[in-house]
Amino acid sequence: MKYDVIIIGSGAAGLTAAISLAEKHSVLVLAKGSLTGGSTAWAQGGIAAVLDAGDTFDNHIEDTMVAGSGLNRRETVEFVIENAPEAIERLVQMGVPFNKDADALHLTREGGHSHRRIVHVDDATGWAVQEALLNTARANPNITLQPHRAAIDLITGKHEEKFSGAGHIWGVYALNQKNGKVETYTAKATILASGGAGRCYLFSTAPRGATGDGIAMAWRAGARIANMEMMQFHPTCLYNHEVKNFLITEAVRGEGGHLKIPDGYPGGGTRYMPAVDKRKELAPRDIVARANDHEIKRLGLDYVHLDISHQNADFVRRHFPNIYDKLIGLGIDMTKEPIPVVPAQHYTCGGVLIDLNGRTDLPGLYAAGEVSESGLHGANRLASNSLLECFVFGEAAARDIIERWEILEDVPAIRPWDESRVTDSDEEVIIKQNWTEIRRFMWNYVGIVRTTKRLERAQNRIELLKQEIADYYANFRVTTDLIELRNLLQTSELIVRSALERKESRGLHFNTDYPNVIAQVRDTILVP
Ligand code: FAD
Ligand code: SIN
């Protein structure tokens, strides 16, 4: 099946690119599972942009660089932040019903921001954005939306009928999740917009499909991957026996919420962040997540408390209607009592290395959004800069493809998927066990606080699993679970290798064997 451009992913990055490209080209958007299954639909807090007269681009740039511990690429930071107001305006035009304060957009605040600059739709911004993008894409005859297709591998030179040696990417092989057949999709340009790799960890706020597929596919095809050790842990994921991955937005702290030791423990009912950082609960995420982790381990707690019950109850319900309803359903009234929270994996700062046009190392392959490493986030992403990156780089990749269309090469004859693997696996249970094992050792050995010994333990386990999973993949018919397991292991290996390479502690990467920042250490870049 041939299109001008293929986009792998139907979240903020993928649909932004599709809508811009469709002015000139036929575009296919693939999604694993439903079209709303990525992180975009789950985003709560909002989107950062300089929109207040008292704020400046320089302030936002400075906050982003400070949160990122200076590992950010400054030209990317400037590029994204200066394009933010225009990106928000495009969303307004598409019908995103951002909250307003009189005639202006209402701006909330989150950790690491020196000003109020987060536009939002209550506490469910992502759903509103996803809906507006999907409605716009659905109305465009140049866009084909194809859910339930799990991309397996990018089509490279080795899949050409006659090897050209061009090193070009020509599209993707994808599993039709409805009928189990593998389909061949070709295009002059392919954009990876497949999101992050949060599910490498046992506890994550990310959806089930965040298994690092795009990062693993790009690596296997020969692209460089950068800064994978920079895994972001959100300080406040709900602690609950029934609901494992529900985020309590940082905006709760932005609107006055305090972190406290639970009653019944030494210091019970008191705030601990004022002693940790002068920005208190609104310090950047790496600092607050480490502080929560420290208190939990120090006192042997199951959770810490996030308390906004001192604010007016109407104000709380009005600002956080979805979180309020969700918690009420679980028997917690956030207007009257504190919320039990724990840190959980939240965002993949590293990824496929791209330039300001979204180009990867490989001709014909672009990347945008959480799958990529653009240089925006450095060693720790500033809250609400992620959706922004999706809009700016989705647009940048689309613009570059349109401008370079004539010089992009035509697709040669491509071999279809090798259908010789026809045996169904008889040991599905092993896939599930391996999956759980990876997520558990990544959580225990490659989490918020690391040591070289623990990282090496994780590496040893990865080595043991590699052969087993490779045999499995070589011998059995592919399934979504197998595709994801293979990618989960590949991505975990990249995280551990990167963490072992970084001989310092900076931002999200904290190794007690190398506790200091070393100014000369820059990006961790892995070359296939
Ligand atoms: P996603 O939205 O994750 O979409 C990935 C797409 O790729 C999906 O369509 C998926 O089906 C598809 N895909 C994946 N693998 C395959 C495959 N093998 N084959 C085919 N398709 C595939 N950021 C902010 O800036 N502000 C916030 O308020 C905010 N809140 C958040 C709240 C939560 C709970 C979470 C988890 C994240 C939040 N983030 C927030 C981060 C932000 O939501 C994500 O970084 C962003 O939405 C990523 O968008 P994306 O387009 O890159 O990928
Ligand atoms: C949140 O609402 O706390 C998440 C914001 C983000 O991940 O940027």
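Residues numbered from 1 in each chain as written. Chains lettered and ligands numbered in written order. Predicted model: local features only at pLDDT ≥ 70, side-chain atom pairs only at ≥ 80, totals over all residues. Heavy atoms only, no water.

Chemist: How should the site of ligand 1 be read in this particular structure?
Modeler: With respect to spatial proximity, 37 residues lie near ligand 1, and among them Thr-40, Ala-151, Asp-213, Glu-370 and Ser-386 are the closest. One of the backbone N or O atoms of Ala-12 is found 3.2 Å from an oxygen atom in ligand 1. Note that an oxygen atom of ligand 1 is positioned 3.0 Å from one of the backbone N or O atoms of Ala-13. For ligand 1, whose accessible area on its own is 1000 Å², the fraction buried by protein is 97%. Those elements that place two or more of their residues in the shell around ligand 1 are helix 1 (12–21), strand 9 (149–154), strand 17 (339–348) and helix 11 (386–403). Here the shell around ligand 1 is composed, by residue class, of 15 nonpolar, 17 polar and five charged. (Near = heavy atom within 4 Å. Polar contact = N/O pair within 3.5 Å; in protein donor to acceptor, adjacent residues only side chain to side chain. Areas by Shrake-Rupley, 256 points an atom, 1.4 Å probe, with all protein chains shown as cover. Helix = DSSP H or I, 4+ residues; strand = E, 2+ residues; numbered from the N terminus. Nonpolar A, V, L, I, M, F, W, Y, C, P; charged D, E, K, R; others polar.)

Chemist: I keep staring at the side chain of His-509 and nothing clicks. Help me out?
Modeler: Here His-509 lies in the loop between helix 14 (480–501) and strand 21 (525–526). At 3.0 Å, the side chain of His-509 and the side chain of Arg-450 are in polar contact. Excluding anything up to four places from it in sequence, His-509 contacts Glu-229, Met-230, Arg-450, Ala-499, Arg-502 and Glu-504. (Contact = heavy atoms within 4.5 Å.)

Chemist: Would you take a moment to explain helix 12 (residues 428–445) for this structure?
Modeler: For an α-helix, the turn length of 3.6 residues means that residues three or four places apart are oriented alike. When the terminal C-alpha atoms of helix 12 are compared, their 26 Å separation across 18 residues agrees well with the 26 Å that a helix rising 1.5 Å per residue should span. Regarding helix 12, the residues found buried are Ile-430, Ile-431, Asn-434, Trp-435, Ile-438, Arg-439, Phe-441, Met-442 and Tyr-445. For helix 12, the elements touching its buried residues are helix 13 (452–475) and helix 14. (Expected span 1.5 Å × (residues − 1). Buried < 20%, exposed > 50% of the residue type's maximum accessible area, 1.4 Å probe, protein only.)

Chemist: Where do I start with the site of ligand 2 in this structure?
Modeler: Every residue close to ligand 2 is listed here: Gln-44, Gly-45, Glu-110, His-234, Leu-247, Thr-249, Glu-250, Arg-285, His-346, Arg-381, Ala-383 and Ser-384. At a separation of 2.7 Å, an oxygen atom of ligand 2 approaches a polar side-chain atom of His-346. At a separation of 2.6 Å, an oxygen atom of ligand 2 approaches a polar backbone atom of Ser-384. Protein coverage of the free-state accessible area of ligand 2, which is 260 Å², stands at 92%. Its residues assigned to classes, the shell around ligand 2 shows two nonpolar, six polar and four charged.

Chemist: Could you clarify how one ought to interpret the nonpolar core in this entry?
Modeler: The nonpolar side chains of a soluble globular protein tend to be buried with one another. Judged by nonpolar contacts, the single largest core of 128 residues is most densely connected at Ile-7, Ile-47 and Leu-192. Counting residues in each nonpolar core, the second largest holds 32 residues, with Tyr-272, Ile-296, Leu-306 and Ile-308 among its members. (Core = buried A, V, L, I, M, F, W, Y, C linked by side-chain atoms within 4.5 Å.)

Chemist: Is there a simple way to think about the pairing of strand 10 (residues 171–176) in this case?
Modeler: Successive side chains on a regular strand alternate, one facing one side of the sheet and the next facing the other. Of all six residues making up strand 10, six are buried, and the element is well covered by its neighbours. Bridge analysis of strand 10 against strand 11 (residues 182–186) gives five bridges, and the strand direction is antiparallel. Opposite Gly-171, over in strand 11, you have Thr-186 as the bridge partner. In this structure, the hairpin formed by strand 10 and strand 11 is closed by a connection of five residues, where Gly-180 is found at a positive phi of approximately 80°. (Pairing = 2+ DSSP bridges.)

Chemist: Can you help me understand empty space enclosed by the protein in this one?
Modeler: Under the definition given, this model contains three cavities of 30 Å³ or more. Of the voids in this model, the largest cavity is the one considered here, and its volume is about 50 Å³. Lining the largest cavity, in full, are Gln-44, Gly-45, Thr-108, His-120, Asp-122, Asp-123, Thr-249, Ala-251, Glu-255, His-319 and Phe-320. Its residues assigned to classes, the lining of the largest cavity shows two nonpolar, six polar and three charged. (1 Å grid on protein atoms, 1.4 Å probe; cavity = no way out; pocket = protein on both sides within 12 Å on 5 of 7 lines; lining within 4 Å. Points joined across faces, edges and corners; volume = space filled by probe spheres on them.)

Chemist: It is not clear to me how the sheet that holds strand 7 (residues 118–119) should be interpreted in this structure. Could you clarify?
Modeler: Hydrogen bonding along the main chain pairs the strands of a sheet, whether they run parallel or antiparallel. If you walk across this open sheet you meet the three strands as 3-7-6, and the pairing is antiparallel. This sheet does not close on itself; its edge strands, each paired only once, are strand 3 (47–48) and strand 6 (107–108). Bridge count between strand 3 and strand 7: two bridges; the pairing is antiparallel. The partner of Ala-48 across the bridge, within strand 7, is Ile-118.

Chemist: What exactly am I supposed to notice about the packing of helix 12 against helix 13 here?
Modeler: Two measures define how a pair of helices packs: the angle their axes make with one another and the distance between the axes. Their axes nearest at 10 Å, the elements helix 12 and helix 13 cross at an angle of 165°. With respect to each other, helix 12 and helix 13 are oriented roughly antiparallel. Between helix 12 and helix 13 the crossing geometry is left-handed. Counted together, Glu-428, Ile-430, Ile-431, Asn-434, Glu-437, Ile-438, Phe-441, Asn-444 and Tyr-445 of helix 12 and Arg-454, Leu-455, Arg-457, Ala-458, Arg-461, Ile-462, Leu-465, Glu-468, Ile-469 and Tyr-472 of helix 13 form the full contact between these two elements. (Axes fitted to C-alpha atoms, helices over the stretch in contact; angles between N-to-C directions. Parallel < 35°, antiparallel > 145°, perpendicular 65-115°, else oblique. Left-handed = near helix turned anticlockwise from the far one by under 90°.)

Chemist: Explain the packing of aromatic side chains here, please?
Modeler: Given two aromatic rings, their pairing is described by the distance between the two centres and the angle made by the two planes. According to the stated counting rule, one finds seven aromatic pairs in the structure shown. Considering the side-chain rings of Tyr-239 and Tyr-303, the 5.0 Å spacing of their centres and the 40° angle between planes classify their relative orientation as tilted. Taken together, the residues Tyr-239 in the loop between strand 14 (231–238) and helix 6 (251–254) and Tyr-303 in the loop between helix 8 (285–299) and strand 16 (304–307) connect sequence positions 64 residues apart. Tyr-303 gets classed as partly exposed once you look at its relative accessible area, which sits at 26%. Through a chain of ring-to-ring contacts, the aromatic side chains of Tyr-201, Phe-203, Phe-233 and Trp-443 assemble into a single cluster. (Phe/Tyr/Trp six-rings, centres within 6.5 Å; stacked < 30°, edge-to-face > 60°.)

Chemist: How do you make sense of the environment of Arg-415 when you look at a structure like this?
Modeler: Topologically, Arg-415 is positioned in the loop between helix 11 and helix 12. Given a relative accessible area of 37%, Arg-415 falls into the partly exposed group. The sequence separation of Arg-415 and Lys-162 amounts to 253 residues, and the corresponding C-alpha distance is 9.3 Å. Aside from chain neighbours lying at most four places away, what touches Arg-415 is Lys-158, His-159, Glu-160, Glu-161, Tyr-173 and Thr-184.

Chemist: What is the right way to read a positive patch on the surface from this model?
Modeler: Together, Lys-453, Arg-454, Arg-457 and Arg-461 line one region of the surface with positive charge. On the secondary structure map, Arg-457 appears in helix 13. (Patch = residues over 30% accessible without salt bridge, like charges linked within 9 Å, V, L, I, M, F, W, Y side chains within 5 Å. Salt bridge = Lys/Arg side-chain N within 4 Å of Asp/Glu carboxyl O. Lys, Arg positive; Asp, Glu negative; His and termini not counted. Charge placed at Lys NZ, Arg CZ, Asp CG, Glu CD.)

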